[in-house]
Amino acid sequence: MASLLDPDARGRVILVGAGPGDPGLLTVRAVEALRMADVVVHDGLIDPRVLDLAPPHAQRISVAKKRARHTVPQEGINALIVAHVKAGSIVVRLKGGDPFIFGRGGEEVEAVRAAGLAVEVIPGVSAALGCAAEAMLPLTHRDHSSAVSFVAGQCKGLSDQDWSGLAGVGRTLVIYMGVATASAIADKLIADGVAPDMPVAVLEKGTCPGHRALRTLLADLGAMVTREGVESPAIIVVGEVVELSDAEDKLARWARVAEGMAA
């Protein structure tokens, strides 16, 4: 069978991870795929310099999504990809971060396979890895954390998620899509037994212009997000490893946090 990166093999789908934002973090294989694309179906946060790697003749289709407002529903994206492939196009489905980490890549692979079409997945640098590296924040560390978990802050609602044991001493929890629910996330973790003074970092717009890395306490997370006007995309990191980062210290003194909690 011909390789999916064979430009003579028509009617193909290649799911490509575009990384957290900086075009320099694309893999070599991702660049190769983009250069042969007839159609690029891309997320809204893809850097224009990444899109420029596709040939000038390639059709570029944005399926940008925002919280509570999906321009194109997932079923529509699936149908769009399949239709272009059936027309004989090489379709690159370009997704921020990694397609298989909160990128719904699994659903798109299923849809393409159900249509009897070939698909390849080219992994990308996940937002957690790219943003943490930029902030000099090790997600694991021999002295501070032997485990790391990834969760979504909006997936099916917080009440449906069981995070028991994912955060605390010796563990790191990375939360995607949690800016809008930061206060509820803090309350949930504290109710599950995580110490209110556990260090937390918010990594905003990582590897992109205007990026910020902010550090505070878990009890102050929601207030800090509001105070600093944090905007998506951003990830939240909970754990002792946060103290090793280069994040700007927005850490409220414990007395101040305690006073606010008692108010």
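The structure this text deals with has already been given above.
Description of the structure in this document. Values in this document were obtained by computation on a predicted structure and should not be read as measured data. (Residues numbered from 1 in each chain as written. Predicted model: local features only at pLDDT ≥ 70, side-chain atom pairs only at ≥ 80, totals over all residues. Heavy atoms only, no water.)

For the rest of this paragraph, the subject is the nonpolar core. Among the nonpolar cores identified, the biggest contains 24 residues, and Ile 175, Leu 189, Leu 221 and Val 238 are the most heavily contacted of them. At the level of elements, β9 (170-176), α6 (182-191), β10 (199-204), α7 (221-227) and β12 (234-238) are the ones that each hand at least two residues to this core. The element that contributes the greatest number of residues to this core is α6, accounting for 4 residues. (Core = buried A, V, L, I, M, F, W, Y, C linked by side-chain atoms within 4.5 Å. Buried < 20%, exposed > 50% of the residue type's maximum accessible area, 1.4 Å probe, protein only. Helix = DSSP H or I, 4+ residues; strand = E, 2+ residues; numbered from the N terminus.)

An order of β8-β9-β12-β10-β11-β13 is seen for the 6 strands of this open sheet, with the pairing classed as mixed. Both outer strands of the open sheet, β8 (145-152) and β13 (248-249), are each paired with one neighbouring strand and no more. Sheet topology places β10 next to strand β11 (residues 212-217); 6 bridges connect them, and they run antiparallel. Its bridge partner lying in β11, Val 200 is registered against Thr 216. (Pairing = 2+ DSSP bridges.)

Turning next to unusual backbone geometry. Following Ser 232, the chain continues into Pro 233 via a peptide bond in cis, with omega recorded as 5°. Relative to the helices and strands, Pro 233 resides in the loop between α7 and β12. With phi around 55°, Phe 102 is a residue other than glycine that occupies positive phi space. Relative to the elements of secondary structure, Phe 102 occurs in the loop between β6 (90-95) and α4 (105-114).

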